[in-house]
Every structure is written in structure tokens, then in C-alpha cells.
Amino acid sequence: MEIRPKKQKSDTNLAAKVRKKSAKHRHHTQFYYSFLTIILLICLVQMSISALLNVTKVVAYHRKISTLESKQIAAEAKNAELKKDIKNFSTTATMESIARNNLKMAGKDEVLVIVNKQQSPQENQKHKKIGFKNNEKFND
């Protein structure tokens, strides 16, 4: 038979203290890891929201760019047309045709005749005034 030394009370207290300290350390470590996990999740959500907002901004800017490019093309076409009109207006014949057609002007030895179109009967009825006198209708 082998003789074993008896466990002393201090050994059991020491082992209990070590286990208690280990459990406390484990609890602190778990709390620390949980806290870090929550912080990382918050950061991940913030990054996701920022990425989504940036993507929507990029889409909006591309849309604005395409509309501005189409406006620029239209403006360049209008400028080209206006430059062409400036070259055409520099001649005397085109200036005279504009004066005759748009401004109703005539040359020195010309007579200007303006023919008015006759109004239709429906347009004449629109301009008639209807009034009431002594509860009777009359036309002016």
C-alpha cells in the first residue's frame, strides 16, 4: 500500500480560489468579447448605410450628368443654328424678306396690302354681350 499525503484544508481552499479566479477571468473575457462584437456590429451597420447612401448619390450624379450632356448638345445645336442665321442675316435680301414678312414693311416704291381674314359666325357670337333689363334678355 502506498501512502498518500492527506489533503490539507489549505490545498482545497487554494484550488477553490484558483477556480473562482479562473471563472471570474472567463466572465470578464466573455463580457469583453460580447462588448467588442456589439461595437463591431454597429460599425458594420454604419458602413453599410454609408455605402448605400454613396451608391444612391453616384446614381443621382450619373442621371444629372446625362441630363446636362443632353442639354449641352441641344445648346450647341441651337448655337450652330444661330451662327448660321447670323451669316444669313448679313445679306440685304434676307433682311428685306424679314422686314416684309415679320414686320409688315414695304420698300420705297412698293405698296403693302394686308388682307384680314373674316371671322366665323361662332367667333362673332362669343363677342356678343348678353344683359338683363327688367328680367328680360336683350343683345347689345
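Thresholds, definitions, all that
- Residues numbered from 1 in each chain as written.
- Predicted model: local features only at pLDDT ≥ 70, side-chain atom pairs only at ≥ 80, totals over all residues.
- Heavy atoms only, no water.
- Helix = DSSP H or I, 4+ residues; strand = E, 2+ residues; numbered from the N terminus.
- Buried < 20%, exposed > 50% of the residue type's maximum accessible area, 1.4 Å probe, protein only.
- Areas by Shrake-Rupley, 256 points an atom, 1.4 Å probe, with all protein chains shown as cover.
- Patch = residues over 30% accessible without salt bridge, like charges linked within 9 Å, V, L, I, M, F, W, Y side chains within 5 Å.
- Salt bridge = Lys/Arg side-chain N within 4 Å of Asp/Glu carboxyl O.
- Phe/Tyr/Trp six-rings, centres within 6.5 Å; stacked < 30°, edge-to-face > 60°.

## Section: the overall build of the protein
A tally of helices and strands in the protein yields 3 helices and 2 strands. Ordered by position in the sequence, the α and β elements of the protein form the string α-α-α-β-β. The buried share of the protein, reckoned over its 140 residues, is 1%. Per element, the accessible surface of the protein, about 14,500 Å² overall, is 60% carbon and sulfur.

## Some thoughts on a nonpolar patch on the surface
A cluster of nonpolar side chains, Phe 31, Tyr 32, Tyr 33, Phe 35, Leu 36, Ile 38, Ile 39 and Ile 42, forms an exposed patch at the surface whose accessible area comes to about 840 Å². One can find Tyr 32 in helix H1 (residues 9-89).

## A closer look at the packing of aromatic side chains
Overall, the coordinates contain 1 aromatic pair when judged by the stated rule. When the ring of Tyr 32 is compared with that of Tyr 33, the centres are 6.1 Å apart and the planes differ by 45°; the resulting orientation is tilted. For Tyr 32, a relative accessible area of 48% puts it in the partly exposed group. Exposure remark for Tyr 33: the relative accessible area of 52% places this residue in the exposed category.

## Here's the deal with the environment of Ala 106
Tracing the sequence through the fold places Ala 106 in the loop between helix H2 (92-101) and helix H3 (121-126). On the accessibility criterion, Ala 106 (40% relative accessible area) is partly exposed. Distance in space between the C-alpha atoms of Ala 106 and Glu 96 is 8.6 Å, their sequence separation being 10 residues.

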